[in-house]
Amino acid sequence: MIVKRISAALAVICLLSPALCAAGGNGGDANGEPSAVAGEEYADCAEICSDGDLTLYADMDTGRFVVRDKRNSAAWESAPVITASDKVTAGMARSNTAAELVIYYVYTEEMRFAANLETASRSSVQVSRLEDGIRVTYAFEDEEITVPVDYRLKNGGLEASIQAGAIREGDTARLIAVRLLPSFGCGTMWEQGYLFLPDGCGALVSFGQKNRSAVYEKAVYGADPDMSENYAGNQEEAVYLPVFGVAKPGAAWLGIISSGAENCSVSATGAGDRMAYNTVGAKFWYRINSRSVLFDNSFANRTSVNAYIPAFENSTVYAVSYRFLCGNEATYVGMAHAYRGYLQQR
């Protein structure tokens, strides 16, 4: 995945100096008229609630939803509706991109092996209204795993949250991780715009470039050295801030991992040969994989064993707060403004 680095000096200025940031201009190439407009597939969604400039619409049968921003008429979809006209997105990428939730799990009798994955598009869904949003309960019946997710409009943004204590597991499988809204507000390879990744002091991935469907995933605040392997040739930057985002012409959003960041990764996919979408989201770890190598000095007997260690308590909350930006603020500089404002409010 080809990225454009944001200078460390600009990143620091944006976070710490309101006066300098206000005079900083657009700070990116995603300006002009808003392009984040929901498709006709959402025309029959019910209006759920409003908060300031935002209105939440949801399909009470499927749990799919749209957040509309009246300031610029932008509409941010929970996941894209992939139609037959999309000849690029194929295989597992097609179902993963169209899902609001992706789970990683292992069967109980295979706990030492690598995790499998499943998408919400193949789960049964129950949707209920909340005072300020909806609760969608995703039931993965074959795996006997149930994950309830709350989507609420609050504090001028959208909050998506999971209560770890509300997750249910049967005897069949154990939950390893959850990707929450992995394709929220994503951009296609034919649009203008970019992904913002918290790689080092920040990096941008243009929608238009050929990324060969590259995948990016890094632990927030860096991987636990006791739980991961080190590779000598890896010169990649660490993730220092729990943020990520998408910018389109005149409309953007910033995702802030507001709870559970210590057990979270930022996961992104760039459009390419088999993927028409540029996506970024949060992946929360319910259990941490501790990988051990047995008989390391014996080629014939060398064996890798995965031990999955619980990374949660019943009180643990996994949450992402989405802040929506418009006009000249719909850039990575505007995202820095939004994150600074979030920190000042805490």
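Summarised in this report is the structure supplied together with it. Here the structure is a predicted model, which means the values were calculated and not measured.

Thresholds applied
- Residues numbered from 1 in each chain as written.
- Predicted model: local features only at pLDDT ≥ 70, side-chain atom pairs only at ≥ 80, totals over all residues.
- Heavy atoms only, no water.
- Helix = DSSP H or I, 4+ residues; strand = E, 2+ residues; numbered from the N terminus.
- Buried < 20%, exposed > 50% of the residue type's maximum accessible area, 1.4 Å probe, protein only.
- Contact = heavy atoms within 4.5 Å.
- Areas by Shrake-Rupley, 256 points an atom, 1.4 Å probe, with all protein chains shown as cover.
- Pairing = 2+ DSSP bridges.
- Salt bridge = Lys/Arg side-chain N within 4 Å of Asp/Glu carboxyl O.
- Polar contact = N/O pair within 3.5 Å; in protein donor to acceptor, adjacent residues only side chain to side chain.

1. Comments concerning the overall build of the protein
Working step 1: For the protein, the count of helices and strands is four helices and 24 strands.
Working step 2: For the protein, buried positions account for 51% of its 346 residues.
Working step 3: Sequence separation of 24 or more characterises 64% of the internal contacts of the protein that already satisfy a separation of 6 or more.
Working step 4: For the protein, the exposed area adds up to about 15800 Å²; of that, 49% sits on carbon and sulfur atoms.

2. A few points about the environment of glutamate 313
Working step 1: Tracing the backbone shows glutamate 313 in the loop between strand 23 (303-310) and strand 24 (317-326).
Working step 2: Each C-alpha atom, one on glutamate 313 and one on alanine 164, is 7.0 Å from the other, the two residues being 149 residues apart in sequence.

3. Considerations on the pairing of strand 15 (residues 194-197)
Working step 1: Burial of strand 15 is two-sided: the residues Tyr194 and Phe196 facing one way and the residues Leu195 and Leu197 facing the other way are all buried.
Working step 2: Bridging between strand 15 and strand 16 (residues 203-206) involves four bridges; their strand directions are antiparallel. Looking across to strand 16, one finds that leucine 195 is bridged to valine 205.
Working step 3: In sequence, strand 15 turns back onto strand 16 through a hairpin of five residues, with glycine 200 there showing a positive phi of about 65°.
Working step 4: The sheet contact formed by strand 15 and strand 18 (residues 243-248) spans three bridges and is antiparallel.

4. Looking at the pattern of salt bridges
Working step 1: Summed over the entire model, instances satisfying the criterion amount to 11 salt bridges.
Working step 2: Where arginine 64 meets glutamate 100, a salt bridge forms, and the shortest distance between an N and an O atom there is 3.7 Å. Of this pair, arginine 64 sits in the loop between strand 3 (54-58) and strand 4 (65-69) while glutamate 100 sits in the loop between helix 3 (92-97) and strand 6 (101-107), placing them 36 residues apart in sequence. Here the two residues arginine 64 and glutamate 100 agree in accessibility, since each one is buried.
Working step 3: A salt bridge links arginine 152 to aspartate 132, with the nearest nitrogen and oxygen atoms 2.7 Å apart. Here aspartate 132 lies in the loop between strand 8 (124-130) and strand 9 (133-140) and arginine 152 lies in strand 10 (residues 145-154), a separation of 20 residues in the sequence.
Working step 4: What makes arginine 152 partly exposed here is its relative accessible area of 21%.
Working step 5: Each of Asp132, Arg135, Asp150 and Arg152 takes part in one network of salt bridges that share partners.

5. Quick look at the side chain of serine 265
Working step 1: With respect to the element layout, serine 265 can be found in strand 20 (residues 264-269).
Working step 2: Given a relative accessible area of 4%, serine 265 falls into the buried group.
Working step 3: Only 3.0 Å separates the side chain of serine 265 from the side chain of tryptophan 285, close enough to count as a polar contact.
Working step 4: If sequence neighbours within four positions are ignored, serine 265 has contacts with Glu217, Lys218, Ala219, Val220, Gly281, Ala282, Lys283 and Trp285.

6. Quick look at the pairing of strand 11 (residues 157-163)
Working step 1: For strand 11, the tally of buried residues reaches six of seven residues, placing the bulk of the element in the interior.
Working step 2: In this sheet, strand 11 lies alongside strand 10 in antiparallel orientation, the contact comprising five bridges. Bridge assignment links tyrosine 151 to a residue of strand 11, and that residue is alanine 160.
Working step 3: If you look at the hairpin formed by strand 10 and strand 11, you'll find two residues sitting between the two strands, and asparagine 155 has a positive phi there, around 55°.
Working step 4: Looking at chain direction, strand 11 and strand 24 are connected through six bridges and run antiparallel. In the sheet register, serine 161 faces strand 24, and the bridge partner there is alanine 319.

On their own, these measurements won't tell you what the molecule is for.
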